[in-house]
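# Summary of the model geometry
Listed below are the residues making up each chain.
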Amino acid sequence: GPAARPVLRPDGGTIVVTASSNAISTQAKRSAYTASKRALVGLVQAAALDYAQQGIRVNTLIPGTTDTPFLRKAAGMENMPDAVWRVGLNQWVKNNVPGLGRLATAEEVASLALALASDDHPFMTGAQIVLDAMTNTKVLSQSAATAALAQRVTIATPSTTSANYVADWIMD
């Protein structure tokens, strides 16, 4: 049957799109990935302009490397004992993460996403919020997370499917 089409709510809402720190800084051999993350930032800025009059705020959350099971799998360490993984990760962090000297947790990233989705920041739209504990960090109050639980939110992850869904939704 026909695909379901999203309906704009008359009272507005919030969209939080997750990109990657590669949207602002990159390395060799990541041209396609970096271009896709920078494209998400442009998409968010355009959507923020397109939907501001309907009360829809659109912002980009740009996390750095985050300590998750996906990171462990991407490093090819999913079958290693936890102690071995932690030693390797700690060495990588020591060499690559200035500032706090640790990676963000998934819970810290989620907390910031909830804060961005809350009504605590009604004037913020089209923004790129970097959460990487390095050179361009901007952090909102984590106390906003509990208030955000009841808020309207659509979170798009960097996956192709989610990014395409957001692009299709915005274009309609």
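Attention here is on the structure that accompanies the text. (Residues numbered from 1 in each chain as written. Predicted model: local features only at pLDDT ≥ 70, side-chain atom pairs only at ≥ 80, totals over all residues. Heavy atoms only, no water.)

## Describing helix α1 (residues 31–51)
Its 21 residues give α1 an end-to-end C-alpha distance of 30 Å, which sits within 8% of 30 Å, the value for a rise of 1.5 Å per residue. Among the residues of α1, those classed as buried are T34, K37, L40, V41, V44, A47, A48 and Y51. Relative to the axis of α1, the buried residues are bounded by an arc of 155° and lie together on one face. Across α1 from its buried face, at more than 90 degrees, point the exposed residues S31, A32, L49 and D50. (Helix = DSSP H or I, 4+ residues; strand = E, 2+ residues; numbered from the N terminus. Expected span 1.5 Å × (residues − 1). Buried < 20%, exposed > 50% of the residue type's maximum accessible area, 1.4 Å probe, protein only. Arc of directions from axis to C-beta.)

## Comments concerning unusual backbone geometry
The phi dihedral of K29 falls on the positive side, at around 65°, and the residue is not glycine. Examined against the element boundaries, K29 turns out to sit in the loop between β1 (13–18) and α1. According to the relative accessible area criterion, K29 is exposed, its value standing at 86%.

## A few points about the pairing of strand β2 (residues 56–63)
The buried fraction of β2 is high, at eight of eight residues. Burial along β2 is two-sided: the face carrying I56, V58, T60 and I62 and the face carrying R57, N59, L61 and P63 are both buried. With respect to chirality, the unit in which β1 leads through α1 into the neighbouring parallel β2 is right-handed. Bridge count between β2 and strand β5 (residues 128–131): four bridges; the pairing is parallel. Across the sheet, residue P63 finds its bridge partner in β5, namely L131. (Right-handed = clockwise from strand over helix to strand, strands pointing away. Pairing = 2+ DSSP bridges.)

These results come straight from atomic positions and should not be treated as a statement about function.
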